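# Remarks on the overall topology
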Amino acid sequence: MTEKEAGARIDRGSDTWSRIHAERAALAADLAGLTDQQFATPSLCTGLTVREVLAHLIAGASLNSWQWLAGVIRCRFDFDKQVTMRLNEQLGATAAETLERFRGIVMSRTKPPLPTMAMLGETIVHGEDIRRPLDIRRPYPIETITQVARYYQGSDQVVLAKGRIRGLRLVANDGPFTTGSGPLVSGTTLALTMAMTGRTTYCDELEGDGVATLRDRCTPA
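Residues numbered from 1 in each chain as written. Predicted model: local features only at pLDDT ≥ 70, side-chain atom pairs only at ≥ 80, totals over all residues. Heavy atoms only, no water.

## Notes on the packing of helix 7 (residues 116-131) against helix 8 (residues 142-153)
The line we're drawing: Here, axes are lines fitted to C-alpha atoms. For helices the fit covers the stretch in contact, and angles between N-to-C directions go from 0 to 180 degrees. The helix and strand labels rest on DSSP assignments: H or I over at least four residues marks a helix, E over at least two residues marks a strand, and numbering proceeds from the N terminus. Angles are sorted into four bins: roughly parallel if under 35 degrees, roughly antiparallel if over 145, roughly perpendicular if 65 to 115, and oblique for all others. Should the near helix be turned anticlockwise from the far one by less than a right angle, the crossing is left-handed, and should it be turned clockwise, the crossing is right-handed. Contacts: residue pairs with any heavy atoms within 4.5 Å of one another. Gly is placed with the polar residues, together with every amino acid not listed as nonpolar (Ala, Val, Leu, Ile, Met, Phe, Trp, Tyr, Cys and Pro) or charged (Asp, Glu, Lys and Arg).
At their nearest, the axes of helix 7 and helix 8 sit 9 Å apart, and the two run at 115° to each other. With respect to helix 8, the element helix 7 is oriented roughly perpendicular. In terms of crossing hand, the pair formed by helix 7 and helix 8 is left-handed. Here Met117, Ala118, Leu120, Gly121, Glu122, Ile124 and Val125 of helix 7 lie close against helix 8, whose contacting residues are Thr144, Ile145, Gln147, Val148, Tyr151 and Tyr152. Here the residues of the contact of helix 7 with helix 8 sort into 9 nonpolar, 3 polar and 1 charged.

## Remarks on helix 6 (residues 95-104)
Convention followed: Partly exposed describes any residue whose relative accessible area lies between the buried limit of under 20% and the exposed limit of over 50%, with all areas from a 1.4 Å probe on protein chains only and scaled to the type maximum. Throughout, the arc means that of the directions going from the helix axis to the C-beta atoms.
All of the buried residues along helix 6 are Ala95, Thr98, Leu99 and Phe102. End-on view of helix 6: buried residues confined to an arc of 95°, all on one side of the axis. Residues of helix 6 that are exposed and point over 90 degrees away from its buried face: Ala96 and Gly104.

## Here we look at the nonpolar core
Note the cut-off: Nonpolar cores are built from buried Ala, Val, Leu, Ile, Met, Phe, Trp, Tyr and Cys residues. Side-chain atoms within 4.5 Å join them into one set.
The biggest cluster of nonpolar side chains holds 35 residues, and the ones touching the most others in it are Tyr152, Leu170, Val185, Met196, Leu206 and Leu214. Elements supplying a minimum of two residues to this core: helix 1 (3-31), helix 7, helix 8, strand 1 (169-172), helix 9 (189-196) and helix 10 (211-217). With residues near it in sequence (within four places) discarded, leucine 214 still touches Arg164, Ile165, Leu168, Val185, Ala195, Cys203 and Leu206. Counting residues in hydrophobic clusters, the runner-up holds 19 residues, among them Leu34, Val53, Leu54 and Ile58.

## A short note on helix 7
To keep it simple, the criterion reads: One less than the residue count of a helix, multiplied by 1.5 Å, gives the span that helix is expected to have.
Over its 16 residues, helix 7 runs 22 Å from end to end, which matches the ideal 22 Å to within 8%, given 1.5 Å per residue. A large share of helix 7 lies buried, amounting to 16 of its 16 residues.

## Examining the pairing of strand 1
Where we set the bar: At least two bridges found by DSSP between two strands is the condition for calling them paired.
Side-chain alternation along strand 1 places Leu170 and Ala172 on a buried face and Arg169 and Val171 on a face that remains uncovered. Relative to strand 3 (residues 184-187), strand 1 runs parallel, the two sharing 4 bridges. By the bridge assignment for strand 3, leucine 170 is matched with valine 185. Pairing of strand 1 with strand 2 (residues 178-179), which is carried by 2 bridges, proceeds in the antiparallel orientation. Within strand 2, the position partnered with leucine 170 by the bridge is threonine 179.

## Let's talk about the pattern of salt bridges
For clarity, the cut-off: The term salt bridge refers to a side-chain nitrogen of Lys or Arg lying within 4 Å of a carboxyl oxygen of Asp or Glu.
Going through the model one piece at a time under the given rule, you end up with 9 salt bridges. The closest approach of N and O atoms between aspartate 15 and arginine 19, which form a salt bridge, is 3.0 Å. Taken together, the positions of aspartate 15 and arginine 19, both in helix 1 and 4 residues apart, correspond to about one turn of that helix. Assessed through its relative accessible area of 30%, aspartate 15 is described here as partly exposed.

## Looking at the sheet that holds strand 2
Strand order in the open sheet formed by 3 strands is 2-1-3, with mixed pairing between adjacent strands. Of all the strands in the sheet, the pair left with one neighbour each is strand 2 and strand 3. The sheet strands contacting helix 9 are strand 1 and strand 3, and the helix crosses strand 1 at an angle near 145°.

## So, the side chain of serine 108
Selection criterion: Whenever a nitrogen or oxygen atom comes within 3.5 Å of another N or O atom, the pair is scored as a polar contact, on the condition that within protein one atom can donate a hydrogen and the other can accept it, and that pairs from neighbouring residues in sequence are kept only if both atoms are in side chains.
Along the chain, serine 108 turns up in the loop between helix 6 and helix 7. In terms of polar contacts, serine 108 uses its side chain to reach the backbone carbonyl oxygen of alanine 61, at 2.9 Å. What serine 108 contacts, discounting residues up to four positions off in sequence, is Trp17, His21, Arg24 and Ala61.

## Here's the deal with the packing of helix 3 (residues 50-60) against helix 6
For the pair helix 3 and helix 6, interaxial distance at closest approach is 9 Å and the crossing angle is 30°. Viewed along their axes, helix 3 and helix 6 adopt a mutual orientation that is roughly parallel. As helix 3 runs across helix 6, the sense of the crossing is left-handed. Mapping the contact onto sequence places Arg51, Leu54, Ala55, Leu57 and Ile58 in helix 3 and Ala95, Thr98, Leu99, Arg101 and Phe102 in helix 6. Across the contact of helix 3 with helix 6, the residue classes tally to 7 nonpolar, 1 polar and 2 charged.

It is worth stressing that arrangement in space is one thing and function is another; only the former is reported here.
Here it is in structure tokens:
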């Protein structure tokens, strides 16, 4: 790798972290003033409340690779158990404490052994898991959501996405994102991204001959 290529890679990484920090800050602002009842609202993640998904995001921004591995070993390689354990560690005694803890990790660059782009994807997807049931809408920068869509189109890491859209042609109607070949699935970049990650709700916002297939492939998050 040349010095120029190394510098470009660093710049891209820094840009991704800037986007992660911006999305966390926006989510914290959106959740300010929520009641305890609103924090107890079921999220789009099956079995988790809004508050619990927020605690999951805190955990992801609080674990380095060694801490993550130690937890996996402690849970005997039961990854779901590890997620639940870490979530409960960050939940706090009250919803207000959970939100305050989230504010504390807004600028964190700590992460498990995942690509930085996966962290951006987690921030946006779980942000929508929280926002949509509360009827909160965020106008995401199209550059940010396009980067996330492009990441998921080629990845099954953390969540199945690449496999879910196999044999389909996805085309955004609000930006440059497009991928695949086959029956058409068209809609906003956000709706395509959320459907790619298994959120059936967003299939209602999509059009094309491939929507039924994509809906069938969506499973509870």
